[in-house]
Amino acid sequence: MKASAKIVFILIFGFMLTIATGCAPTFISISTPEIQTIENSHYTAQFEPLAEGKNYFDAFRLKVMNKTAKNLEIDWNKTRYLHNGRDIGVFVFEGIKPENIKSSTIPADIIPAGQSFTKDISPLKLVAREPLTGKGAKAGKITSGPIPIGESGIFLFIRQNGNTIKEKMAVKITEKEVQ
């Protein structure tokens, strides 16, 4: 094959590849409901998937409003990520120490009487670290992968005066094709 014929072949192949990949469908994650809410005599809680500039969910926002006159305590060692009803492990969040995760000594969060609490959390099983050998702001950065399709939820363990209040919340994650 002549050099000019090879160049034409490569250009045509490249053009076809560009067209083929440009026609690939784009999907976005959808949550039903958008925010799951539970309420009991001790607190109101909300569980919301987060995408923040992405077309998929990669974290959750947990909000808890203490309705009592005494402090509440979130037990992060017992609070679990649920996927399709199965316990997949603990949640992690900014400021948590790896040794606390490994030794199941994640400090509890205190919600003062009558106050609200908000924290962005990710399932430990979905967390990854960017290679340390990279350059720039991403080198060594810890990120969360996409929340899988299906039912994602939280089994929330909250204590007050030695009593544990357990509640489950879940949302259904699906994908929708966008044009």
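Above this note sits the structure.
Not measured: the values here are computed from a predicted model.

Novice: Would you explain the pairing of strand E2 (residues 36-39) in this entry?
Specialist: The side chains of a regular strand alternate between the sheet's two faces. The pairing of E2 with strand E3 (residues 43-50) spans four bridges and is antiparallel. Paired with Gln36 across the bridge in E3 is Phe47. Taken together, E2 and the strand that follows it, E3, pair antiparallel across an intervening segment of three residues.

Novice: When you look at the nonpolar core in this model, what are you seeing that I'm missing?
Specialist: Residues Tyr43, Leu62, Ile74, Trp76 and Leu156 are the most contacted members of the largest nonpolar core, which totals 31 residues. Secondary structure elements with two or more residues in this core: E3, strand E4 (59-66), strand E5 (72-74), strand E8 (91-92), strand E10 (116-123), strand E13 (150-160) and strand E14 (163-178). By residue number, the principal contributor to this core is E14, which donates four residues. Residues contacting Trp76, with those up to four places away along its chain left out, are Leu62, Val90, Phe91, Phe93, Ile106, Pro107, Ala108, Asp109, Phe117, Lys119 and Ile121.

Novice: What is the right way to look at the pairing of E14 in this model?
Specialist: One ladder, built from seven bridges, connects strand E1 (residues 26-32) with E14; its direction is antiparallel. Across the sheet, residue Thr32 finds its bridge partner in E14, namely Lys172. Relative to E14, E13 runs antiparallel, the two sharing 11 bridges. Bridge pairing in E14 links Ser152 to Val171. Between the end of E13 and the start of E14, which pair antiparallel, lie two residues, with Asn161 showing a positive phi angle near 55°.

Each value, and the rule that gives it
- Residues numbered from 1 in each chain as written.
- Predicted model: local features only at pLDDT ≥ 70, side-chain atom pairs only at ≥ 80, totals over all residues.
- Heavy atoms only, no water.
- Pairing = 2+ DSSP bridges.
- Helix = DSSP H or I, 4+ residues; strand = E, 2+ residues; numbered from the N terminus.
- Core = buried A, V, L, I, M, F, W, Y, C linked by side-chain atoms within 4.5 Å.
- Buried < 20%, exposed > 50% of the residue type's maximum accessible area, 1.4 Å probe, protein only.
- Contact = heavy atoms within 4.5 Å.

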